[in-house]
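Descriptive structure summary
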Amino acid sequence: VGSILAEKNIRFVRFLPPRLFPPALRINLRNHRKLLVADGRIGFIGGMNLGDRHLADNISNPNRVADMHFRLTGPIVTQLEQVFLEDWRFSTREMLKPGRIPSFNAGDTICRAVVDGPNADIDRLYMILLCAFSAARRSVSIMMPYFLPSSELIAALQAAALRGVAVNIILPEKNNVPAIHWATRNMLPELLQRNVRVYYQPPPFVHTKFVLIDDHYAMIGSANLDFRSLRLNFELMVEVYGRSMCDHLSEHFRTQILQSREIFVEDLERRSLPVRLRDALCWLFTPYL
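Residues numbered from 1 in each chain as written. Predicted model: local features only at pLDDT ≥ 70, side-chain atom pairs only at ≥ 80, totals over all residues. Heavy atoms only, no water.

Considering helix H3 (residues 124-135)
The terminal C-alpha atoms of H3 lie 17 Å apart, and with 12 residues this matches the ideal 16 Å at 1.5 Å per residue to within 8%. The set of residues buried in H3 consists of Leu-125, Tyr-126, Ile-128, Leu-129, Leu-130, Ala-132 and Phe-133. (Helix = DSSP H or I, 4+ residues; strand = E, 2+ residues; numbered from the N terminus. Expected span 1.5 Å × (residues − 1). Buried < 20%, exposed > 50% of the residue type's maximum accessible area, 1.4 Å probe, protein only.)

Section: a nonpolar patch on the surface
A cluster of nonpolar side chains, namely Leu-281, Leu-284, Phe-285 and Tyr-288, defines an oily patch on the protein surface of about 490 Å² accessible area. Assignment of secondary structure puts Phe-285 in the segment after helix H9 (273-284). (Patch = residues over 30% accessible without salt bridge, like charges linked within 9 Å, V, L, I, M, F, W, Y side chains within 5 Å. Areas by Shrake-Rupley, 256 points an atom, 1.4 Å probe, with all protein chains shown as cover. Salt bridge = Lys/Arg side-chain N within 4 Å of Asp/Glu carboxyl O.)

Concerning the environment of Val-206
Position of Val-206 relative to the elements: it lies in strand E9 (residues 205-206). With a relative accessible area of 8%, Val-206 lands in the buried category. Residues Val-206 and Arg-64, spaced 142 residues apart in sequence, show a C-alpha to C-alpha distance of 9.2 Å. Setting aside anything within four residues of it in sequence, one finds Val-206 in contact with Ala-66, Pro-145, Pro-172 and Gln-201. (Contact = heavy atoms within 4.5 Å.)

So, the environment of Ser-272
Tracing the sequence through the fold places Ser-272 in the loop between helix H8 (265-269) and H9. A relative accessible area of 38% means that Ser-272 is categorised as partly exposed.

Description of the packing of aromatic side chains
Under the criterion given, the structure shown has 5 aromatic pairs. The interplanar angle of 70° and the centroid separation of 5.1 Å between the aromatic rings of Phe-15 and Phe-234 together place this pair among those described as edge-to-face. Taken as a pair, Phe-15 in the loop between helix H1 (2-7) and strand E1 (35-38) and Phe-234 in the loop between helix H6 (227-232) and strand E12 (235-241) lie far apart in primary sequence, 219 residues in all. Joined through ring pairs, the aromatic side chains of Phe-15, Phe-90 and Phe-234 make up one cluster. (Phe/Tyr/Trp six-rings, centres within 6.5 Å; stacked < 30°, edge-to-face > 60°.)

Quick word on the sheet that holds strand E5 (residues 110-116)
Read across the open sheet, the 8 strands follow the order E5-E12-E11-E10-E6-E7-E8-E13; overall the sheet is mixed. Each end of this open sheet is capped by a strand with a single partner; those strands are E5 and strand E13 (261-263). Pairwise comparison of adjacent strand axes, ignoring direction, gives a mean angle of 20° for this sheet. Note: strand E6 (residues 139-143) against strand E7 (residues 166-172), 5 bridges, orientation parallel. Across the sheet, the residue bridging to Ser-141 is Asn-168, located in E7. Packing of helix H2 (residues 76-92) onto the sheet brings it into contact with E5 and E12, and relative to E5 it is tilted by some 15°. (Pairing = 2+ DSSP bridges. Axes fitted to C-alpha atoms, helices over the stretch in contact; angles between N-to-C directions.)

Examining the pairing of strand E2 (residues 42-46)
Across 4 bridges, the pairing between E1 and E2 is antiparallel. In the strand pairing of E2, Leu-35 is matched with Ile-45. Once E1 ends, the chain turns through 3 residues before running back antiparallel as E2, passing Asp-39 with a positive phi of about 60°.

Digging into the pairing of strand E4 (residues 69-73)
Only one face of E4 is covered, namely the one carrying Phe-70 and Leu-72; the face carrying His-69, Arg-71 and Thr-73 has none of its residues buried. Across 5 bridges, the pairing between E2 and E4 is antiparallel. Across the sheet, residue Phe-44 finds its bridge partner in E4, namely Arg-71.

This is the structure in structure tokens:
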């Protein structure tokens, strides 16, 4: 890919690449952000990567991925562009100047970029999620490809369900990382036993990720609810406060539930002993999955 970009005179740089001298053989500390800004006016953010496997209409591709990306306009685009410029400066030591801030028509949705990473911003996203789950009054809707929450986030979801909040979680039935699927199954009874409802989406692998609280507050972007995203990766999320966009997310969530299969405690109890042991073993490695 790098040679193709160079041939087309497209500037590119690698973020914290591994190297032998001076030694820097990092396998973590990835820049997991997915971000595109056009002319300072339009921003794209979400879970989608630029790869053939994200061409979900290609039915013949056994590794195809279904995903959801978001097109944003308004002042939030300036915040997104600033995130890119900071990452470029960190990687190249070159300070690019932002484009002229265009004028925007005022909309009915309030947005804020949330930058998270294993540096000065560590735990920012984690704390926002913890507070959002704890503040929910009516509903918590989660759609995630990788779902390995910490004990604190599990407790916040349990507490929300016990106080009458409708907590619904949609996960992929087919995961492209089997170990994550197995580890998640080891943890799910803790939620199911506290009235949290969990659904499996049918194949292909669904990489969509968002959190929706009370149908008027949402978090969209690149992060998963797992240790890697919340502790090791550089992530970018956008907080969305407003009915218009959240109504679309809520409708999509309800549509996916109708196409999904609900999982019950009894389903997990029917696992054989070897499968239970495998799932429990994978759960021990959750900080690294």
